[in-house]
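Reading the structure
Listed here are the chains, written in short residue letters.
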Amino acid sequence: MSAPSSTTSAPEQDFLASDAGLRPPGPTPSQSRFQVDLVAEAAGAHEEKSPSSDASTTVPFSDKTSPVAPPEAPGADPGVGGEEAKGRFRVVNFADPSAAGSAASPEAPPAESLQNGDTVMSETSLHSSTGGQHHYHYDTHTNTYYLRTFGHNTIDAVPNIDFYRQTSAPLGEKLIRPTLSELHDELDKEPFEDGFANGDELTPAEEAAAKEAAESKGVVKFGWIKGVLVRCMLNIWGVMLFIRMSWIVGQAGIGLSCLIVAMATVVTTITGLSTSAIATNGFVRGGGAYYLISRSLGPEFGGSIGLIFAFANAVAVAMYVVGFAETVVELLAGSGVMMTDEINDIRIIGTITVILLLGISVAGMEWEAKAQIFLLVVLITAIFNYFIGTFITVKAKESVGFFGYDGVIMWENMGPDFRGETFFSVFSIFFPAATGILAGANISGDLADPQLAIPRGTLLAILITGIVYLGVAVSTGSCIVRDASGNVNDTVSSQFMMNCTEAACKFGYDFSTCKSDKGGCRYGLHNDFQVMSMVSGFGPVITAGIFSATLSSALASLVSAPKVFQALCKDNIYPGLSMFAKGYGKNNEPLRGYILTFVIALAFILIAELNVIAPIISNFFLASYALINFSVFHASLANSPGWRPSFKYYNMWVSLAGAALCCGVMFVINWWAALLTNAIVLGLFIYVSYKKPDVNWGSSTQALTYHQALTHTLHLSGVEDHIKNFRPQCLVMTGYPNSRPALLDLVNSFTKNVGLMICGHIRTGYRRPNFKDLTTDQARYQRWLLKNETKAFYTPVFAEDMRQGTQYLLQAAGLGRLKPNTLVLGFKNDWRDGDMMNVETYISMIHDSFDFQFGAVILRLKEGLDVSHIQGQDDLLSSQEKSSGMKDVIVSIDTSKDSDADSSKLSSKATSLQNSPAVHKEKRSPTLPLNGSDQRLLEASQQFQKKQGKGTVDVWWLFDDGGLTLLIPYLLTNKKRWKDCKIRVFIGGKINRIDHDRRAMATLLSKFRIDFSDINVLGDINTKPKKEHVSAFEEMIEPYRLKEDDMEQDAAETLKDSEPWRITDNELELYRAKTNRQIRLNELLKEHSSTANLIVMSLPLARKGAVSSALYMAWLEALSQDLPPILLVRGNHQSVLTFYS
């Protein structure tokens, strides 16, 4: 798209020119971030006729510029338009770009502006949180001209990279696209609060990174060569290249040496491919291996690996420095110079060296990079020096085994000649030389483009170093014999020439004495570690190469360890280490991390027992490689849409094989070190999992959890339910989850880790439902449930009334086989105090549950269930909500103590995700002392949170409902809190068959494998209840009777139609026996179960359409009044217990 100024038609240009002249120079911090035209609907007809109708009705102005009156749009009131804009659009701090007061015309943009269609990048001074620096920002929102997306004036934004940033861009502000409510809601509605897209909310660490990114200026960033290639090559080419490679060829031969190099290269190449895939799947910040693993597999793996990886790098500094010090001490000893003794000389030189390296590191990354370049030049010079020397044959070197390239020598050295070693032991010695491939990735925060640099630099370094290792293996095996005495007189006489079969015989040397006298021969591949120095064109250059290899590796590790550790500390995975997160200077250098690394390295230099530490360090690195490979496999397996690496040359199965190879190599190198590494990683993993850091990085662990849940849910849907697998899946009508804690706790007790629990909440009485509030509450209370370790889902719905909402939930709650099969209600204690239509609704909910083939469960506590009206009860019920990670609070819930099934309503406009402490304090203060009934209610609401002592759960299994009445108490008594309670079973029977009925029930329970302490057969259930109890019942129902016999038939029918809950005389007489049974059962309950911890009883049924809701409610009241906690249960009359295997 060309620039607008060049493609605008003449009439439009005229309009724009006049429009620009009417506008002030620029927007101010006080105005909307969307400066658009709000055209009244009445003006729509004039839009084509009058271009001025497009003029904005809100005029931005500042202290520096006087307001300019806009042209008045026909039919539009400027004042109204301004108010609408003020109420509708969010405000962000865009500064006035024209401090000098000059107006910028859209036709003539500034020379430095970059135009692209509807978007202009202009340089302005933004007075925002980032300070007053000059930034480029997309001026999409400050000029209506540029908002003409497709020829229309709209705030709907075109795709823009700045909308997707998590932090401030180096060259611009983070822009926020218009929210859906700003585009969709009616003008008189409040817009949504600012928010982030799913999973984009910044952690404190990322917010700090954003600040640093905004404030940093002139930061040193490296390209792929200096930042990655150089570091990786220096780290991979270690001392091993110069002083161990020739020995490996002597032991394993050229063929197996090449195989060893190839095997190591395969492992590192697969890891390099995996690293490249992760590094190109989104923006990479500082932290190297830790950042890659933690963002892929989550904080548990990242936190455990990050700590040991940083520690491994710190100890590796000591290893490399000691290697350097040993070489220096050998040179000094060769010259007869020694300060004290050998071990203390190593400590002294090592200490001086690590102090110098620390100085280079602290001086800044630029100095460290220059030092690395210098060391690489020395190292490459040493390698070329060696290869040049192999072509220069010198007679004096023949006695020590060097004869130049020869096919006979090559053939003799082709096969292995293991002396006290095996293939795997030689491999374990070589493999650490191939590590170091993460040296570039470890400084990912200092790379200009990590996504390009890490794959290119790492893979090229692996290729170059692998070729050099193979070249050294072949060249040493082709020109040097395995054993040489160094004695120029060990020549072959002519008469023994026929018996001499060794390669040296061809050149007139006989080193056969070396086989019989092992200690006599100090030269050759087997015996001399300095062979490469001897072969090279100039020996001291090899020594310089050794120095370069050790110092460069030490320097890379000294930089890597603090960088990784700083990233780990910034994420606050281990709270006690947060002091090391602070950075200094323009490059955010982790000076405290440098000091810590220096102390660790110095400690191990002084200990000087590195032979024990070395295999552990190698295993730490390998554990990191294994997890990087596993990350790629895991992310691919999870099949998350967010896994889109731009680097395509990877395969999930190859990565899995790489992870397995890394684990295998760990045990090959040292089995006990491998076990120790695994134990440390596992211990740290368990610790981080237990601490549950409040971070959300969209890891593949989350993606795979979702994938598995979806797969298993679909799989379950294809399998018919079996009785043996039945589990109560409860839809619990709790309202807000913390408003009925007793109901929540009891159901959670028998569904936790057994069945599904959904907390249903029906929100009624809203003229205009606010669905945003519903979404906000759903997220908030779901977190509350998780913090309170309640395994349940919170599902709120808007509905006209309770019954409609219950029907919605009965039909739609759940997914596939994970759907509720049991409706759980709180008993309506206050049914006689309110509108009887609420009772009609309540009883209809029970009928609806049976219509949907659900079981029904009703919990009654004599004190009641709903505690939402008690001020300050959230302090007791949501203490976990105060954890630092939570950005919201559970607000006080203020409802009249109405139906326990009724929906709770928020006491205030508590829709904000973040409530200020001042509001908090106002809500909670003053805390009034509780009256007696509220105190008892609060205590009763917490009784199921405590361990139940030795007591009983009395099961009154009067009617066979399929076994749910028996299954719930069985599941309950299996839980830790209820395990001391015994099950007592009560059944109905005839007086003359009591023993028979008891035996029959005992047989049935034993077949069900359900333990019980006692079985009571009640032969007197049908005995008439006491008269005073009958009289009390009749008095209770008196207000609710229709008394049709005392009025005209038409009047009675009219009253029954308007008040369907009324009890007819005919109905009362017809169900007299059933009424008496409920009263009698209450008497028996008080007689037998008055001390029970919980009573579980069969819920009496009422035929729909035959029994009025008032009579049914009265039955439930008469049955359950003045008792310990009672659970009325009725299954759906399908078997939930079986005694078949």
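Above this text is the structure in question.
Given the structure is predicted, the values throughout are model-derived calculations rather than measurements. (Residues numbered from 1 in each chain as written. Predicted model: local features only at pLDDT ≥ 70, side-chain atom pairs only at ≥ 80, totals over all residues. Heavy atoms only, no water.)

The secondary structure content of the protein chain amounts to 37 helices and 13 strands. Burial analysis of the protein chain (1141 residues in total) assigns 52% to the buried set. For the protein chain, contacts bridging at least 24 residues in sequence account for 79% of all contacts bridging at least 6. (Helix = DSSP H or I, 4+ residues; strand = E, 2+ residues; numbered from the N terminus. Buried < 20%, exposed > 50% of the residue type's maximum accessible area, 1.4 Å probe, protein only. Contact = heavy atoms within 4.5 Å.)

A sheet is described by the order of its strands in space; here 10 strands give the open sequence E6-E5-E4-E7-E8-E13-E12-E9-E10-E11, paired in mixed fashion. This sheet does not close on itself; its edge strands, each paired only once, are strand E6 (793–798) and strand E11 (1014–1018). Each strand axis lies, on average, 20 degrees off the axis of its neighbour in the sheet, ignoring direction. As paired strands, strand E5 (residues 757–763) and E6 are joined by six bridges and run parallel to one another. Counted as the bridge partner of Ile762 is Val797 from E6. Strands strand E4 (730–733), E5, strand E7 (822–826), strand E8 (855–860), strand E12 (1094–1098) and strand E13 (1126–1130) of the sheet are contacted by helix H24 (residues 741–751), whose axis makes an angle of about 170 degrees with E4. Lying on the sheet, helix H36 (residues 1072–1088) is in contact with strand E9 (952–956), strand E10 (982–988), E11, E12 and E13; it crosses E9 at an angle near 155 degrees. (Pairing = 2+ DSSP bridges. Axes fitted to C-alpha atoms, helices over the stretch in contact; angles between N-to-C directions.)

Another point: helix H9 (residues 288–297). In an α-helix there are 3.6 residues to a turn, and that puts residues three or four apart on one side. Within H9, 10 of the 10 residues are buried, leaving the element largely enclosed by the surrounding structure. Listing the buried residues of H9 in full gives Gly288, Ala289, Tyr290, Tyr291, Leu292, Ile293, Ser294, Arg295, Ser296 and Leu297. Gly298 lies just past H9 and shows a positive phi near 105 degrees.

On to the packing of H36 against helix H37 (residues 1109–1120), then. The interhelical angle for the contact between H36 and H37, taken along N-to-C directions, is 20 degrees, at an axis separation of 7 Å. Viewed along their axes, H36 and H37 adopt a mutual orientation that is roughly parallel. In this structure, the crossing between H36 and H37 has a hand that is right-handed. Packed against H36, whose contacting residues are Lys1074, Thr1075, Gln1078, Ile1079, Leu1081, Asn1082 and Leu1085, the element H37 presents Leu1111, Trp1115, Ala1118, Leu1119 and Ser1120 at the interface. A class-by-class count of the residues in the contact of H36 with H37 yields seven nonpolar, four polar and one charged. (Parallel < 35°, antiparallel > 145°, perpendicular 65-115°, else oblique. Left-handed = near helix turned anticlockwise from the far one by under 90°. Nonpolar A, V, L, I, M, F, W, Y, C, P; charged D, E, K, R; others polar.)

Here the focus is the pattern of salt bridges. Across all of its chains, the model carries 24 salt bridges by this definition. Across the pair Arg998 and Asp995 runs a salt bridge, and its minimum N-O distance is 3.2 Å. One end of the pair, Arg998, and the other, Asp995, are both in helix H32 (residues 994–1007), three residues apart, so they sit about a helical turn from each other. Since its relative accessible area comes to 32%, Arg998 is described here as partly exposed. For Asp995, a relative accessible area of 48% corresponds to the partly exposed category. Each of Glu1038, Arg1041, Lys1043 and Asp1065 takes part in salt bridges that share partners, so that together they form one network. (Salt bridge = Lys/Arg side-chain N within 4 Å of Asp/Glu carboxyl O.)

This part is about unusual backbone geometry. The backbone phi angle of Glu789 is positive, close to 55 degrees, even though this residue is not glycine. Following the sequence through the fold, Glu789 ends up in the loop between helix H25 (771–787) and E6. Residue Glu789 is classed as exposed on the basis of its relative accessible area of 58%. You will see that Asp1122, though not glycine, has its phi angle at about 55 degrees, which is positive. Note that Asp1122 resides in the loop between H37 and E13. The exposure class assigned to Asp1122 is exposed, which follows from its relative accessible area of 55%.

Before going further, it helps to examine helix H8 (residues 245–279). Look at H8: only 32 Å from first C-alpha to last across 35 residues, short of the 51 Å you get at 1.5 Å a residue. At Gly253, H8 shows its strongest bend, of approximately 110 degrees. Most of H8 sits inside the fold, with 25 of its 35 residues counted as buried. (Expected span 1.5 Å × (residues − 1). Bend = angle between axes of the 7 residues up to and from the residue.)

This brings us to the nonpolar core. Across soluble globular proteins, nonpolar side chains show a tendency to be buried alongside one another. Counting 144 residues, the largest nonpolar core has Trp237, Phe242, Phe430 and Tyr469 as the members making the most contacts within it. Among the elements that make up this core, the one with the highest residue count is helix H10 (residues 299–334) (17 residues). Not counting residues up to four positions away in its chain, the partners in contact with Trp237 are Leu376, Leu379, Ile380, Ile383, Ile464, Thr465, Val468, Tyr469 and Ala549. Among the nonpolar cores identified, the runner-up in size contains 60 residues, and Ile758, Leu810, Met1097 and Tyr1112 belong to it. (Core = buried A, V, L, I, M, F, W, Y, C linked by side-chain atoms within 4.5 Å.)

With that settled, consider the packing of H8 against helix H15 (residues 450–479). At their nearest, the axes of H8 and H15 sit 9 Å apart, and the two run at 175 degrees to each other. On the basis of their axis angle, the class for H8 and H15 is roughly antiparallel. Within the contact of H8 with H15, the residues separate by chemical class into 16 nonpolar, 14 polar and no charged.

Together, Phe384, Ile388, Phe391, Ile392, Val394 and Tyr405 give the surface a local cluster of nonpolar side chains, amounting to about 610 Å² of exposed area. Following the sequence through the fold, Val394 ends up in the loop between helix H12 (365–390) and helix H13 (407–412). (Patch = residues over 30% accessible without salt bridge, like charges linked within 9 Å, V, L, I, M, F, W, Y side chains within 5 Å. Areas by Shrake-Rupley, 256 points an atom, 1.4 Å probe, with all protein chains shown as cover.)

In terms of residue burial, E12 counts as a mostly covered element, since five of its five residues are buried. Across the two faces of E12 the burial is the same, with Leu1094, Val1096 and Ser1098 and Ile1095 and Met1097 all buried. Bridge analysis of E9 against E12 gives four bridges, and the strand direction is parallel. Directly across from Asp954, in E12, lies its bridge partner Ile1095. For E12 and E13, the ladder comprises four bridges, and the chain directions are parallel. Bridge pairing in E13 links Ser1098 to Val1129.

In this structure, Leu656 sits in helix H21 (residues 652–669). On the accessibility criterion, Leu656 (29% relative accessible area) is partly exposed. For the pair Leu656 and Leu627, spaced 29 residues apart in sequence, the C-alpha to C-alpha distance is 9.6 Å. Once residues lying within four places of it in the same chain are set aside, the contact partners of Leu656 are Phe630 and Phe633.

All told, the structure shown has 27 aromatic pairs when counted by the stated rule. Each ring, one from Phe565 and one from Phe580, has its centre 5.4 Å from the other, and the planes form 55 degrees; the classification is tilted. A residue pair is termed long-range when its members are at least 10 positions apart, and Phe565 in helix H18 (residues 539–570) and Phe580 in the loop between H18 and helix H19 (591–607) qualify at 15 residues. Residue Phe565 is classed as buried on the basis of its relative accessible area of 9%. Taking the centre distance of 5.7 Å and the plane angle of 75 degrees together, the rings of Phe647 and Tyr649 count as edge-to-face. Under the relative-accessibility criterion, Tyr649 is labelled exposed at 66%. Cluster of aromatic residues (ring-pair linked, three or more members): Phe311, Phe604 and Phe620. One cation-aromatic arrangement involves Arg231 over Phe222; the distance from NZ or CZ to the ring centre is 5.6 Å. The cationic tip of Lys1007 hangs over the ring face of Phe1139; the distance from NZ or CZ to the ring centre is 5.4 Å. (Phe/Tyr/Trp six-rings, centres within 6.5 Å; stacked < 30°, edge-to-face > 60°. Lys NZ or Arg CZ within 6 Å of the ring centre and 35° of its normal.)

All right, on to the pairing of E5 then. Buried residues dominate E5, accounting for seven of its seven residues. On E5, burial covers both faces: Met757, Cys759, His761 and Arg763 on one face and Ile758, Gly760 and Ile762 on the other are all buried. Sheet topology note: the E4/E5 ladder contains four bridges and is parallel. Note that in E5 the partner of Leu731 across the bridge is Ile758. Between E4 and its parallel partner E5, the chain crosses via H24, and the hand of that crossover is right-handed. Traced from E5 through H25 to E6, the parallel crossover comes out right-handed. (Right-handed = clockwise from strand over helix to strand, strands pointing away.)

It is worth spelling out the environment of Asn1066 at this point. Inspection of the secondary structure assignment puts Asn1066 in helix H35 (residues 1065–1070). Through-space distance from the C-alpha of Asn1066 to that of Asp1045 is 9.4 Å; in sequence the pair is 21 residues apart.

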